[in-house]
Structure formats: structure tokens, C-alpha cells
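Analysis of the macromolecular model
Here's the letter readout for the chains.
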There are 4 protein chains.
Amino acid sequence: MISGLVKEIKQQVADLHAELPRNDLVVWTAGNVSARVPGADLLVIKPSGVSYDEITADRMVVTDLDGNLVEGEHKPSSDTAAHAYVYKHLPHVMGVVHTHSTYATAWSARAEAIPCVLTMIADEFGGEIPVGPFALIGDDSIGRGIVETLRDHRSPAVLMRNHGVFTIGRSARDAVKAAVMCEDVARTVHIACQLGRPVPIAQADIDSLYARYQNVYGQEPAA
Amino acid sequence: MISGLVKEIKQQVADLHAELPRNDLVVWTAGNVSARVPGADLLVIKPSGVSYDEITADRMVVTDLDGNLVEGEHKPSSDTAAHAYVYKHLPHVMGVVHTHSTYATAWSARAEAIPCVLTMIADEFGGEIPVGPFALIGDDSIGRGIVETLRDHRSPAVLMRNHGVFTIGRSARDAVKAAVMCEDVARTVHIACQLGRPVPIAQADIDSLYARYQNVYGQEPAA
Amino acid sequence: MISGLVKEIKQQVADLHAELPRNDLVVWTAGNVSARVPGADLLVIKPSGVSYDEITADRMVVTDLDGNLVEGEHKPSSDTAAHAYVYKHLPHVMGVVHTHSTYATAWSARAEAIPCVLTMIADEFGGEIPVGPFALIGDDSIGRGIVETLRDHRSPAVLMRNHGVFTIGRSARDAVKAAVMCEDVARTVHIACQLGRPVPIAQADIDSLYARYQNVYGQEPAA
Amino acid sequence: MISGLVKEIKQQVADLHAELPRNDLVVWTAGNVSARVPGADLLVIKPSGVSYDEITADRMVVTDLDGNLVEGEHKPSSDTAAHAYVYKHLPHVMGVVHTHSTYATAWSARAEAIPCVLTMIADEFGGEIPVGPFALIGDDSIGRGIVETLRDHRSPAVLMRNHGVFTIGRSARDAVKAAVMCEDVARTVHIACQLGRPVPIAQADIDSLYARYQNVYGQEPAA
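Residues numbered from 1 in each chain as written. Chains lettered and ligands numbered in written order. Predicted model: local features only at pLDDT ≥ 70, side-chain atom pairs only at ≥ 80, totals over all residues. Heavy atoms only, no water.

Bringing the interface of chain B and chain C into the picture now. Accessible area lost upon the coming together of the parts serves often as the stated size of an interface. Counting from both sides, the interface comprises 34 residues of chain B and, opposite them, 31 residues of chain C. Of the roughly 2,800 Å² buried between chain B and chain C on both sides combined, carbon and sulfur atoms contribute 61%. Where chain B packs against chain C, one counts 8 residue pairs in polar contact (both at pLDDT 80 or more). Take the side of chain B that touches chain C: its biggest share by element is 11 residues, from helix H7 (residues 172-194) of chain B. Of the residues belonging to the side of chain B that touches chain C, the class tally is 16 nonpolar, 8 polar and 10 charged. (Contact = heavy atoms within 4.5 Å. Buried area = accessible area lost by both parts, 1.4 Å probe. Polar contact = N/O pair within 3.5 Å; in protein donor to acceptor, adjacent residues only side chain to side chain. Helix = DSSP H or I, 4+ residues; strand = E, 2+ residues; numbered from the N terminus. Nonpolar A, V, L, I, M, F, W, Y, C, P; charged D, E, K, R; others polar.)

Of the transformation superimposing chain B on chain A, the axial component is 0.0 Å and the angular component is 90°, with the fit at an RMSD of 0.0 Å. Here the copies are linked by what is in effect a four-fold axis. Minimal C-alpha distance to the rotation axis in chain B is attained by Gln-194 of chain B, lying at 5.3 Å. The two copies present different faces, since only 3% of the interface residues in chain B are matched by interface residues at the equivalent positions in chain A. (Least-squares fit on C-alpha atoms with pLDDT ≥ 70 in both.)

Our next topic: the pairing of strand S5 (residues 95-99) of chain C. All names here are of chain C. Where burial is concerned, most of S5 is hidden: 5 out of the 5 residues are buried. By the alternation rule, side chains of S5 split into Gly-95, Val-97 and Thr-99 and Val-96 and His-98, which are all buried. The pairing of strand S1 (residues 32-37) with S5 spans 4 bridges and is antiparallel. Among the inter-strand pairings, Asn-32 is bridged to a residue of S5, identified as His-98. Here S5 pairs with strand S8 (residues 164-169) via 5 bridges, running antiparallel. The residue of S8 that forms the bridge with Val-97 is Thr-167. (Buried < 20%, exposed > 50% of the residue type's maximum accessible area, 1.4 Å probe, protein only. Pairing = 2+ DSSP bridges.)

Following the UniProt record, one finds the feature "domain: Class II aldolase/adducin N-terminal" (unreviewed entry) at residues 11-190 of chain A. The span residues 11-190 of chain A shows a helical share of 36% and a strand share of 19%, and its end C-alpha atoms are spaced 35 Å apart. (UniProt positions renumbered as here; feature names shortened; annotations may be inferred.)

Right, dumping it as C-alpha cells:
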């Protein structure tokens, strides 16, 4: 029963990886998407160092929420520990995405949050996109940095200092969407700042845009 | 009779949506194209939150000029009220396009008009590309902002502050062309301004270029 | 006899137009490539306002060297007069290309030549890429501006002020290559200048690179 | 026996050339990939001035480590002498790549090393990406510049002044990867520097990231 569900999620995660190069968020084998397996302490993620052309549902790997391999013939992504930590500590998160997308990573290299100066940022992120700490790979430092930054924040995206972006979502697709939007607004605000200062948006307007977008936008989910 | 016309317009509007990602004007599901149904108080527009891969003529929706759904199985774009307002108040407008294209939106975030420093801007826009007011979605504020800015302006494009671009045209294709050209000149002028100041073009030359382009360029319409 | 040659050139010119969007040099219907018909006072060029998807050899038009239509069902490009003037006054030129490619046009908007600070610029352009005058379309002003700027210059490219780029070549393919290289170096030098000053290359080194490249690079022409 | 091996390497080198335009590292015919033939003083490289569409295994050429043509119907790339010099003087190098990729070349035009301000730079390059000398093509100056700069450096990439990038690898694929990553970080750090100063990464952290990445990342090589 769970194996049928896992198979389906492997397909979704494999398909969603195609959105990363398509939206110019990754080069070479960098970047990864994962999804929580609902009702189990498991996640599905990309294997390490595999190119985007070679990603198939069969090659996806399953780990527990400590990042230990449960199923799959390849080593999991070297970022698995960070994904696993997020699922373990934020129970509502069903999908996680990691990229080094250019403009968002440039903000992270200066440890600067992306200010909320576009209605699209208010809609999707509910305010500025925050910066997380510098953290070395190898233990749970990255995971902790993500969770501590996003726990009390509207934003589904965090700019990890000198590193790149992590996004979360109520589905893996939502996390991918947040990664796409994060790079798009990172680029637009960067370009706006190159020739002067963007006009701020009043906090009340940000709140109003965020509330509407979270409740009204898009089609009803299929019954 | 009108239903045959509506069907044809749905096809045109669906086809024109493909120009938005092709010209890098949109990410994810953002952006939309609409067309007025000639001889009726109706418009055809994209449904809300539908991805560009899934756009077909059948999925397009029809609304009246207050934005109420008249035909279609999906909820209309959340920007429909703005499109409808434009058709209601500018009778010569047959097509409307909305994007958050990067460079144009960056100018809008600083509330700066794009100066007419390229012959291509004189040709297509007849002068600077103006900035419209900040306006919240949800009532007719955005529509009013567009109409009040463009009513007495040669430019078919307006940069809505902290938001994005709306363009209008004598056909939906013309509005798409204006959206493509607007982003192109927004980018070129931005880049020119990064290393100094563009040389201005004399008003008499702008007028002469605009007059020629509106009357001479392109093939005669098919008989 | 000449009609077989003209047919062949129409095919070449149609095929070369595909390089313009492929190399991101044009949007919408902007930009054009022409070729001289050897041994005749004729040129082959793109029709006006036709999109890149619709370009076929059959649709190419033939004009004389005053820009008058000789053969073809469509109106010639509105830039035909400029191309024709170049062929008439520079007998060694066999191909001409016109684009509004972004970075080159940005240099033209500031009326700044692109300095020769890359070996690739020395190779292909033999020195800086010069700026031509501001000129209105409609008479031979643009053609004269191109010819007067390039006549005594190594560079096959000229940045026409507030307008865009014209390139020339010993073949239409060479002119397209020059247009591609011009945008590439315009972009690289722009980016180099954003964070400081490029290191100059000594004139003797420029001369040496140019001489070698013109004589040594590439395969021998097919016998 | 060696001819079977050479045939296989020609195929690999031809295939790897496709990564250069795919990753936007080259325009027109610029750029080249080579591989050493293991156990022989030979290398396989792209012919001169051939477009990326026309590259096939059959068209690749074989030279000795002085750059003299050994096998092939076309003239070798004009950069062959530089590749050959590297193989001759750095015996562990099995692949070499040369590009004029935009952002890396912009750093080279200012003779500025790319600082190690991203974890991805620490991972792949182990520190800053260094600048090599200005060198004219035609003798072994470029090769010497590459070898002298990279011999005592962790970085597999060198920014040759006013020219472009050379990368080396334990395989031709590794050298291509280094070329892709070099342009990616050149762009991200450039953009970070446009609006302020990136936060430095401590040397101990750079060392730790580099050591881990060289030993842990990716799948085990196939047995």
C-alpha cells in the first residue's frame, strides 16, 4: 500500500526536477527537490551527483527523517540531511527545494534580505525574504538554520548565507513554485536597486495582498 | 453566430499566451492576455492559476465587462477586473496584456518612466513609457489607474507602480507586441543607464519617427 | 541564369535570419539580413514586419541598389534603403545585417564606442567598435552614416546612435557572424565595466592579433 | 587497439562540445574541449572554425603534444598549442576546456580573481579563481600562462587576462563541469558585488568544504 504511494511520489519528484533547469534555477547537477511521504516518516529525494537528463522515477531514493537510505540504488543527495531535518521539525511541510539560483544566491552572499517592494512578493512571501545563517554541510546545521529562520515567518523561502536558497511548501509543487518566484523577485528587485531605490509598500497593503492571495488565487483543488 | 466568433477568439487568445513564455515575459502562471469580442460586451481571458503548458482554447473563459463569468469551466484570471475596466472605458482597445516582465517591473518599482532614448521607443511608444499609480487588487483601482494613465498618452504600455506592466492594442496581437517591445526597451535603457547617461532624442525627431512608424511599417492587412 | 543564383541567395538569406533569434539578437519582427546578388545591382532582403517563424526563401524580396522592389510579393524591410546604400558605396560588401541587440544598442544610446579590451575584439574588429551618427529613417541618412563610419575602419560593425547595430561582411554569413560577436563583446565589456576598469591591450598586440586572425583562423574555403 | 580508444574519445569529445552552447558558454564557433589519449602522447580536439551544429566524432582531430596534426581531415583548433602544452606539463590532466564565457571573461578583462564567497566556490575551486597573464596566441605563451598559474593552485580554472577561461580536469567531463561552474559563480559573485560587498568565508571553512566535496560528493565511479 505504502509502496504504491511511494512510487507515485517518486514520479512527482522526478517530474518536478525538470522545472529546475526549465526555470534556469540550476546548473549541472546542483539543486534538488524532495517530498514527504504522507503518513510515514519518509522522504523521497534525488540521488547525489546525477544529471538532470538522467533523472527518472526509478532513480529517486527514499530515506527516513534522519537521512538514512531506506530504498534506492544510489546514494541520496548530499543535501538530504537538511531536507530531513525540515520535515522532522516542521510537520506541515510536505515539500522542500534547494537551489543556488543566481540572483537569490547573490543576495545571500551579501547576507541581505530581499525587501518587499513588489506586489508579487507580498502575495507569495508576505513580506521580505529572510536570510539564514552560514552553516557547514555535514551535520544538522543547515537544517537548523532553515527551521529557525522560517518557523515564525510567512516566507516559504530562506536565503542561506553564502550558499543558496531553500524553499518549503504544503506540497513539493508549492515548494518548487516558491523557488521559481524567489529567483524571479530576487532578480527584479536587484535590477530595480541598480539605478536607485524602490518605493516601499505600506505594511497594511502587504498584509492585505498576502491575505487575499493565500485565500483567493487559483482554481479550487480537484475534488 | 457570436459563438463561432467567440470560439475563434478563444483560439487566438490561447495561441497568443504562448508568446509570453517564449519572449521570457512570465514565470510560472503569472501574466495574461485578453481580447474583446467585437460587437458584444464580452471579453475572452485566461483562467486563474493555470500553467502555460495547460492553456488550450477550450479552457479560455468569457466574462462580461464587469468581469462576471459568462462562459467557461474555470475561474477567470484574478486580473480580469482590470482588463474588463479597460475595455469598458477605452472603446478602441481590442486587446490587453498583463505581465511582471523583469526590467519593466524594475522601472515600476522605482516609479520611474522609461525615457525615450531609442528610435525603437519613439516608433512604438511615441515617447516615454509612463508610470501608473500603486493600486490594490480586488476592486477597480488597477483598471482606473491604467485608463487614467493611458487615456491621453501615445504609449500603449503603462508601468503600474510596484507591480508590473499592462499594455493595450487595436488587437490582442498588438497588445502582445507592445508587451514584448516594452520589456525589450526597458532592458536596453536600463543597461544603457548603468554606465552613464543615454543621449536624449529631440522631441521633433520623436514625433517624426512615431508618425512614420504608425503609418508606414509592416505589410498591408490582408484584404 | 541569374534567377537560379537569386533563388539560391534567397535560401541563404532566409536561413541566416534563423541565426538572429537563435543568438538572441532580435525580438518580434525587428532585425534583418541582406545579401548582394554578385554580378548584378541587386540585393535580397527580408520583407517588412514578417515574423521569424514565417520567413521562407519564397518570401524574400529582391530590390535594386536604390531600394526599389524588383521581385517579391511583399513590401521590402523598412531598412532596405540603408542596406542598398551600403552595397552601392562599398563594393566589397556582400552582406549586411541590422539588429537592435541589447548590449550593443545600450552602448549606442550613450554614443560610446566599445573599447578593444578583449583579444576577441582585436581578432574580429581590429580595434574599438565605433559609433555612427543619429539618423532618421526615410532617406539615405542611415546608409550614409554607416558608410562614412566604416569606410576607413577595420571594424565590420557600427553602433548607430540611439538606434542599433549594422554589420557588413564579405558574405552575408560573415555579416551575421559580426553581429553575433558584436553583441557578445558588447555584453562582456559592459559587465567588465560595471565593477571597475578593464585593463587596456597595447596597440601593437591588437595589430598582431588582428593580422593573425584575418589570415589564419578557420578552415580553407572549399575548393 | 589504440585506434579503438581514439574512436571512443572522439565520440566523448564531440558529445561534450554540446554542453558548451547548452550551458551558454560559447557563441558561434568559439570555445573548445580536448581530451588526452591515455597511454599515448596524443590529444583529441575540435577542428578550427567549425560550428557547433556540425561537430561529429568523425570531424574531431588528433594531434601530438606539440600540437602537430596526427589524424583528421580538418585543421585543429587554433587553441591546440595551449591545450597540448598543458597535457605535456601537467601529467595528471586528462581534459582541457577553453571558453570566452561572459562573466568569467569580464573578471579576466579587469584582471581580478573571483573571490571565494560562496560555498559552491569552496567546494569546486577550493579558494579564489586566479587570473593568468596576458599572452598572445601563436607560440606557447598561453600554455605556459595556464600551467604556471594552475600548477600550485587548487582551482581547476584560470581566467586568462583580457581573453577568457581555461579549465582542466581528471577527465574531459570534469573540465567541462569546471567551465560550467566557473561561469555560474563568476555571474553570481558579479551580481552580489553590484549592490555591495559579499560576506567573506573563513579560510578554515573553505578548507573544510573543499576537503569534503573532493572526497564525498557524487556516486562511486562505476566498477
